[in-house]
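Residue strings, one per chain:
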Amino acid sequence: MTTTTPTLAHPAAGEGILASTLAQFHAAADTINLSDRYRAYLTSWKTVFQTQFPVQMDDGSIKIFEGYRVLHDTARGPTKGGIRYSPHVTLDDVRALAMLMTWKCAVVNIPFGGAKGGVIVDPTKLSQQELQNLTRRFTTELEPIIGPDKDIPAPDMGTNAQTMAWMMDTYSMSRGYTIPGVVTGKPVSLGGSAGRNEATGRGIYFLLQEHLQAQGGVAGKTVSVQGFGNVGSVAARLIHEAGAKVLYLSDVRSALYNPNGIDVTAAYSHVGQGGDLRKWAEASDAAQIVEAEDVLTADVDILVPAAVESVLTANNAGQVRARLIIEGANGPTTAEADQIFEDRGIVVIPDILANAGGVTVSYFEWVQARQYLQWTEARVNEELQRLLTTAYRDIATRAAKVGPGCSMREAANIIGIERVVEALELRGYYP
Ligand code: GLU
């Protein structure tokens, strides 16, 4: 058993995802001969908001934090997208992620444009009270921008249902009444949707079953999952429970390997009760500890990068052995790595489809909040599967129509761009 230094080092500064996102946009735009007028429009951002704000810390001191909210496009409806708390947030990343949300919402055909937000902070270093102070103050700064008909935040890396509860409460208090539709990803008891928490991971599972239908689904496949947060843990568990062998699994601290398959159900319940993945593996002899990078280059059928962006790069794409990659994270593959995968015949189910389950159920939550009613989890999952399967088939059909050399990412981008352009054309320009 080797013990190594962890883990998922975050990509170095300068390897942000804006360049890749724009390169992928232009590749799709070239294929459909998008006119310059729409190219310019769609590579601009409606609102770029940046703020520095004070937060009272537990020791009585005041600390200044920096936060962003970027709205990309509103042609198809109010903007939608998560807010992340991470020490690595940059404004350029947030701009890229906002643009990806525009295509993602259009691909699954929900009536939203794209947005993203972030605060430069390591949430694990703050107490609950400090996190609450930070969230409430940031929400106050965002007041002119957000709203149930304007821009609707949701959780992302480093934020969760509790964060959304504080945001909803802060926004509602300043209006004088409760406005549940201002954010999604809330606790179910506060108007959140059944199934929202698991939606992104469940979406990955539904899409894999659809993609592998002709081969009998995921059962019997070998899988490597990078990331054991909200997305990776649920995806890994559902894949495991459907009869696949999850050979590799990693979280932010350690990477695990078991040649017979990891008992993900047990890992999930251990971590769900506040336990540590590595300690669980060591104590139960459930897996050996391996290098973080092994998870990406594992000899498996399916790779699920579900941690952070820019982990599959020109440096390691040549060593990837999986024949199918499904992107749980946003932007885990750089444009160069994407090209290498294409050349090597590795299929990539792209982020704007693969992880769209989250925003899809956010849409269901928003609809429920506005009607003050609650769907059952069975209904949520059924509708989620329907929207994702439709999106998958639209993309597969489109890729086949464009012809050889059109990846699923390119087809997804084409569909996203075309749907936004259609809305722009119908609305026209004002004044
Ligand atoms: N943060 C998630 C994403 O990147 C969900 C966004 C939402 O639900 O609005 O898609």
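What you are looking at is a predicted structure, and each value in this text was computed from that prediction instead of being measured.

> Report on the packing of helix H7 (residues 232-241) against helix H8 (residues 264-272), specifying residues and quantitative values.
Closest axis-to-axis distance for the H7/H8 pair is 8 Å, and the angle between their directions is 150°. Classed by the angle they form, the pair H7 and H8 counts as roughly antiparallel. Judged by the sense of rotation from one axis to the other, the crossing of H7 with H8 is left-handed. From H7, Ser233, Val234, Ala236, Arg237, His240 and Glu241 reach across to H8, where they touch Val264, Thr265 and Tyr268. Taken together, the residues that form the contact of H7 with H8 break down as four nonpolar, three polar and two charged.

> Lay out the pattern of salt bridges with the relevant residues and their values.
Going through the model one piece at a time under the given rule, you end up with 23 salt bridges. For the salt bridge of Asp30 with Arg39, the shortest nitrogen-to-oxygen distance reads 2.8 Å. Residue class for Arg39 comes out buried when judged on its relative accessible area of 16%. Across the pair Glu141 and Arg137 runs a salt bridge, and its minimum N-O distance is 2.9 Å. One end of the pair is Glu141 and the other is Arg137, both in helix H4 (residues 128-142) and four residues apart, which spans about a single turn. Since its relative accessible area comes to 35%, Arg137 is described here as partly exposed.

> Which residues make up the site of the ligand, and what values do they have?
For the ligand, the set of nearby residues contains 14 residues, the closest of which are Lys80, Lys104, Lys116, Asp156 and Ser362. At 3.0 Å, a backbone N or O of Pro155 approaches a nitrogen atom of the ligand. Separating an oxygen atom of the ligand from a side-chain N or O atom of Asn330 is a distance of 3.0 Å. Isolated, the ligand exposes 290 Å² of accessible area, and the fraction of that covered by the protein chains is 94%.

> Describe in detail the sheet that holds strand E12 (residues 347-349), supporting the description with residues and values.
Spatially, the seven strands line up as an open sheet ordered E9-E8-E7-E6-E10-E11-E12, and their pairing is mixed. Each end of this open sheet is capped by a strand with a single partner; those strands are strand E9 (288-290) and E12. Ignoring which end each strand starts from, the neighbouring axes of this sheet average 25° apart. Of the strand pairs in this sheet, strand E6 (residues 222-226) and strand E7 (residues 245-250) are connected by five bridges, and their pairing is parallel.

> So what's going on with the nonpolar core? Which residues, and what values?
Counting residues in hydrophobic clusters, the biggest one holds 93 residues, and the most contacted among them are Leu42, Leu208, Val304, Ile326 and Leu353. In terms of residue count, helix H3 (residues 91-107) provides more of this core than any other element does, 11 residues in total. Ile326 has contacts with Ile204, Leu207, Leu208, Ile302, Leu303, Val304, Pro305, Ile349 and Ala354, leaving out every residue within four places of it along the chain. In this structure, Phe49, Met164, Met168 and Val182 belong to the second largest nonpolar core, which totals 26 residues.

> For the environment of Ser189, give the residues involved together with the corresponding values.
Within the secondary structure, Ser189 sits in the loop between helix H5 (161-175) and helix H6 (199-211). Along the sequence, Ser189 and Ala396 sit 207 residues apart, while their C-alpha atoms lie 38 Å from each other.

> Go over the packing of aromatic side chains with me, naming the residues and quoting the values.
According to the stated counting rule, one finds 11 aromatic pairs in the structure shown. Centroid distance Phe53 to Phe138: 5.4 Å. Interplanar angle 25°. Geometry classified as stacked. Of the two residues, Phe53 sits in strand E1 (residues 47-56) while Phe138 sits in helix H4, which places them 85 residues apart along the sequence. Note on Tyr363 and Phe364: the rings are 6.0 Å apart at their centroids and 45° apart in plane angle, and the pair reads as tilted.

> Run through the environment of Gly227, naming residues and quoting values.
Inspection of the secondary structure assignment puts Gly227 in the loop between E6 and H7. Considered as a pair, Gly227 and Pro305 are 78 residues apart in the sequence and their alpha carbons are 6.8 Å apart. Residues contacting Gly227, with those up to four places away along its chain left out, are Gly232, Ser233, Ser250, Ala306 and Ala307.

About the cut-offs
Residues numbered from 1 in each chain as written. Predicted model: local features only at pLDDT ≥ 70, side-chain atom pairs only at ≥ 80, totals over all residues. Heavy atoms only, no water. Axes fitted to C-alpha atoms, helices over the stretch in contact; angles between N-to-C directions. Helix = DSSP H or I, 4+ residues; strand = E, 2+ residues; numbered from the N terminus. Parallel < 35°, antiparallel > 145°, perpendicular 65-115°, else oblique. Left-handed = near helix turned anticlockwise from the far one by under 90°. Contact = heavy atoms within 4.5 Å. Nonpolar A, V, L, I, M, F, W, Y, C, P; charged D, E, K, R; others polar. Salt bridge = Lys/Arg side-chain N within 4 Å of Asp/Glu carboxyl O. Buried < 20%, exposed > 50% of the residue type's maximum accessible area, 1.4 Å probe, protein only. Near = heavy atom within 4 Å. Polar contact = N/O pair within 3.5 Å; in protein donor to acceptor, adjacent residues only side chain to side chain. Areas by Shrake-Rupley, 256 points an atom, 1.4 Å probe, with all protein chains shown as cover. Pairing = 2+ DSSP bridges. Core = buried A, V, L, I, M, F, W, Y, C linked by side-chain atoms within 4.5 Å. Phe/Tyr/Trp six-rings, centres within 6.5 Å; stacked < 30°, edge-to-face > 60°.

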